[in-house]
Amino acid sequence: MGGRQRGDQVCDTILDLVDFPAVVIASFTHRRDTRFARTQLTTNGDVDSWQVTIVAMPEGHGVASATVTDVWVDDVTSSKPNRPALAAAARRAHALALQSTPAPDASTLLEQESPRASVDLWNAPSGWPEESHEDNTLTDLGLMFDRARTHEVALFGYAEQLSETHWLATTSGRRGRSDERSARFECTARHGTPTRSNWWGGSAAHLADIPIAESFELLMTGLRHQAKRRHLAPGNHRVLLSPSAVGDLMVDLWWAMLAVDAVEGRSVFSGSDGRLRLGEQFGPQGLRLTSDPADPLVPASNLHLVSTSSASASVFDNGAQIESVDWLRDGVLTSLMSDRRFSRDHDLPFTPAADTLALYVDAGHGSLGNLVARTEHAYLINCLWYNRLVDPGQLLITGLTRDGVYEVRDGEIIGAVDNFRFLQSPVKMLASIRDSSHTSRTLPREMGDYAPRVAMPALLVDDFNLNSISEAQ
């Protein structure tokens, strides 16, 4: 079927079928997926998919949604929307909404105003499969495989290019469209008995912008360091966190910045006297945690698309224009995520979040390598894995270090130590920053599936709790 169909036709077809307030989101995804294990390709192919979500919100009743993937009727000469399947999904959503209690986030749908997709853009088909962008992924992987076999190293990982187009239409006249690309690559290298293991991952808009071929030497450098094993007892230690590791912890912090949880006393951002902790200092001067859809490092759509209401977003706010938001500015908490209804009820600003996150430290400079070179003594954590929230009141998180923890002394890596289970609050960690690299786009290993647009510095922090040794590689 390809990706040349027009999602605007699907939206218009559904709006012509319904006589109740509704939101329609038509989504086309083109995915290029390459996977490998034991230094051999296991998967390589492209997949196109369509999905349409219809959110019904009849007045005086609840909200319900229905999803359909059988979107098009194909014949020899043309494709047109599958009207019977779309109508059935609309009826299903409406029937479920009539059986539901009124939604606590209920509000009037946004009217036909900015942002409104231009007629040319709104009516254009999705063109991702025909887009021209040089991709040397298979060539780069071939070079990596040749070098890995020479060094008797086994490689495991994947490369993914994702291109998405979303059309939004509401019965109130709101229209919008977003076109987004994201790519990621990650590889684990294993060698020797007992096994040494190292991981590297990268993220960009295009796979061609990720240094896949060059990553092999980074992986090998870590494996060489792991040949020298050193002992480290559990405890609070000064650590160097890679941008990937910082990204995982900052995404956890970001997801906890919910106004509803803070107001209801379930959050680290809830004050003991019942007030919000907005305006309090959580990090050093010059630190900024931000979600800016126009950030050149991690650009994202500024169109608010919500298929299901949650603590962070409401389906009634579909089509809102997302502005740049500083969650922390100069280390001070300045914003919490909130939908229109909750904001209105609690005298807070309406604050939707773009699908992007960046941490900037004004004093940060140089690369991770430069940060290592100016560190007297610390333990470099390559990446984190299996992070889980233990206590929302402190935002206390446990998880594992994976694939390399290295001892740094007098600006050099002198060997590797065990992997650890850690117990740490990202909030407490911000107050313990001692040095920082510049900010660059990265791939959080644990959260990369859910937060593909993240830019972070490497950080040197004090009192990071490595509370027990882990048997994980």
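Summary of the structure given here. Just so we're clear, the structure is a prediction, and the values are computed from it rather than from any experiment.

Once that is clear, we can look at helix H5 (residues 215-225). Every buried residue belonging to H5 is among Ser-215, Phe-216, Leu-219, Met-220, Gly-222 and Leu-223, and all of these are buried. Summarising the axial view, the buried residues of H5 lie within an arc of 160°, below the 170-degree limit, and thus occupy one face. Buried-residue contacts for H5 involve helix H4 (137-150), strand E6 (154-170), strand E7 (175-191), strand E8 (196-204) and strand E15 (396-409).

Another point: the packing of H4 against H5. Relative to each other, H4 and H5 sit at 30°, their axes nearing to 10 Å. Judged by the inter-axis angle, H4 sits roughly parallel to H5. Facing H4, whose interface residues are Met-144, Arg-147 and Ala-148, H5 presents Ser-215, Phe-216, Glu-217 and Leu-219. Residue composition of the contact of H4 with H5, grouped by class: four nonpolar, one polar and two charged.

Our next topic: the packing of aromatic side chains. Two measures describe an aromatic ring pair: the distance that separates the ring centres and the angle between the ring planes. In this structure the tally under the stated criterion is nine aromatic pairs. Here Phe-28 and Trp-50 contribute two aromatic rings whose centre-to-centre distance is 5.3 Å and whose plane-to-plane angle is 50°, an arrangement assigned as tilted. Placement of Phe-28 in strand E1 (residues 22-37) and of Trp-50 in strand E2 (residues 40-56) is noted, with a sequence separation of 22 residues between them. In this structure Phe-28 comes out as buried when scored by relative accessible area, which is 0%. On the basis of relative accessibility, which here comes to 5%, the residue Trp-50 falls in the buried class. On the basis of an interplanar angle of 70° and a centroid distance of 5.5 Å, the ring pair of Phe-269 and Phe-282 is categorised as edge-to-face. Of this pair, Phe-269 sits in the loop between helix H7 (259-263) and strand E10 (287-291) while Phe-282 sits in the loop between H7 and E10, placing them 13 residues apart in sequence. Relative accessible area serves as the criterion here: at 7%, Phe-282 is assigned to the buried category. An aromatic cluster of three or more residues is present, and its members are Phe-28, Trp-50, Trp-72 and Trp-167. The lysine or arginine in question, Arg-388, covers the ring of Tyr-386, its NZ or CZ lying 4.0 Å from the ring centre.

With that settled, consider the side chain of Ser-432. Structurally, Ser-432 is set in the loop between helix H10 (426-430) and strand E18 (433-436). We classify Ser-432 as buried; its relative accessible area is 9%. For Ser-432, the side chain forms a polar contact with the main-chain oxygen of Lys-428, separated by 3.3 Å.

Take the packing of helix H1 (residues 7-17) against helix H2 (residues 83-98) next. For the pair H1 and H2, interaxial distance at closest approach is 10 Å and the crossing angle is 55°. Comparing the axis directions of H1 and H2 gives the class oblique. In this structure, the crossing between H1 and H2 has a hand that is right-handed. Of H2, the residues touching H1 (which contributes Val-10, Thr-13, Ile-14, Asp-16 and Leu-17) are Arg-83, Leu-86 and Ala-87.

The volume enclosed by the largest pocket comes to roughly 1200 Å³. Taken together, 39 residues make up the lining of the largest pocket; nearest its centre are Glu-180, Leu-305, Asp-355, Tyr-450 and Arg-453. Elements represented by at least two residues in the lining of the largest pocket include exactly E1, E2, E6, E7 and helix H6 (243-255). Considering every element that reaches the lining of the largest pocket, the biggest residue donor is E7, with five residues. Looking at side-chain class alone, the lining of the largest pocket contains 17 nonpolar, 14 polar and eight charged residues.

Calculation criteria
- Residues numbered from 1 in each chain as written.
- Predicted model: local features only at pLDDT ≥ 70, side-chain atom pairs only at ≥ 80, totals over all residues.
- Heavy atoms only, no water.
- Buried < 20%, exposed > 50% of the residue type's maximum accessible area, 1.4 Å probe, protein only.
- Helix = DSSP H or I, 4+ residues; strand = E, 2+ residues; numbered from the N terminus.
- Arc of directions from axis to C-beta.
- Contact = heavy atoms within 4.5 Å.
- Axes fitted to C-alpha atoms, helices over the stretch in contact; angles between N-to-C directions.
- Parallel < 35°, antiparallel > 145°, perpendicular 65-115°, else oblique.
- Nonpolar A, V, L, I, M, F, W, Y, C, P; charged D, E, K, R; others polar.
- Phe/Tyr/Trp six-rings, centres within 6.5 Å; stacked < 30°, edge-to-face > 60°.
- Lys NZ or Arg CZ within 6 Å of the ring centre and 35° of its normal.
- Polar contact = N/O pair within 3.5 Å; in protein donor to acceptor, adjacent residues only side chain to side chain.
- Left-handed = near helix turned anticlockwise from the far one by under 90°.
- 1 Å grid on protein atoms, 1.4 Å probe; cavity = no way out; pocket = protein on both sides within 12 Å on 5 of 7 lines; lining within 4 Å.
- Points joined across faces, edges and corners; volume = space filled by probe spheres on them.

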